[in-house]
Amino acid sequence: MIQPKLVPQRRLPRYGFHTHTERLNGRMAMLGFIALLVVEVQLGHGLLVW
């Protein structure tokens, strides 16, 4: 069997569900949740309660 001299490298696509995009999404969600808690503490009441 003939072996190739150069093995092609697979590139990650720029869109779709991948580990790095899911990790970034999770981190942004955690930051948003913490920011919501900080705003609620500063206001003295819940942000979603009118």
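Above this text you will find the structure in question.
Everything numeric here is computed off the predicted structure, so don't read it as measured data.

The number of helices and strands found in the chain is 1 helix and 0 strands. Computed over its C-alpha atoms, the radius of gyration of the chain comes to 22 Å, more than 25% above the 10 Å expected for a compact globule of 50 residues. The principal-axis extents of the C-alpha atoms in the chain amount to approximately 70 × 15 × 15 Å. Residues classed as buried in the chain amount to 0% of the 50 residues present.

A contiguous nonpolar patch, built from F33, I34, L37 and V38 and spanning about 360 Å² of accessible area, is present on the exposed surface. Summarising the element assignment, I34 is placed in helix 1 (residues 19–43). On the basis of relative accessibility, which here comes to 48%, the residue I34 falls in the partly exposed class.

An α-helical turn contains 3.6 residues, so a residue and the one three or four places further along point in the same direction. An ideal rise of 1.5 Å per residue puts 36 Å on 25 residues; helix 1 measures up with 36 Å between its terminal C-alpha atoms. The first or second residue beyond helix 1 is G44, which carries a positive phi of 90°.

A few words now on the environment of R14. Topologically, R14 is positioned in the segment before helix 1. Of the residues examined, R14 reaches a relative accessible area of 84% and is grouped as exposed. With 32 residues separating them along the chain, R14 and G46 place their C-alpha atoms 38 Å apart.

The rules behind the values
Residues numbered from 1 in each chain as written. Predicted model: local features only at pLDDT ≥ 70, side-chain atom pairs only at ≥ 80, totals over all residues. Heavy atoms only, no water. Helix = DSSP H or I, 4+ residues; strand = E, 2+ residues; numbered from the N terminus. Rg over C-alpha atoms; globule rule 2.2 N^0.38 Å. Buried < 20%, exposed > 50% of the residue type's maximum accessible area, 1.4 Å probe, protein only. Patch = residues over 30% accessible without salt bridge, like charges linked within 9 Å, V, L, I, M, F, W, Y side chains within 5 Å. Areas by Shrake-Rupley, 256 points an atom, 1.4 Å probe, with all protein chains shown as cover. Salt bridge = Lys/Arg side-chain N within 4 Å of Asp/Glu carboxyl O. Expected span 1.5 Å × (residues − 1).

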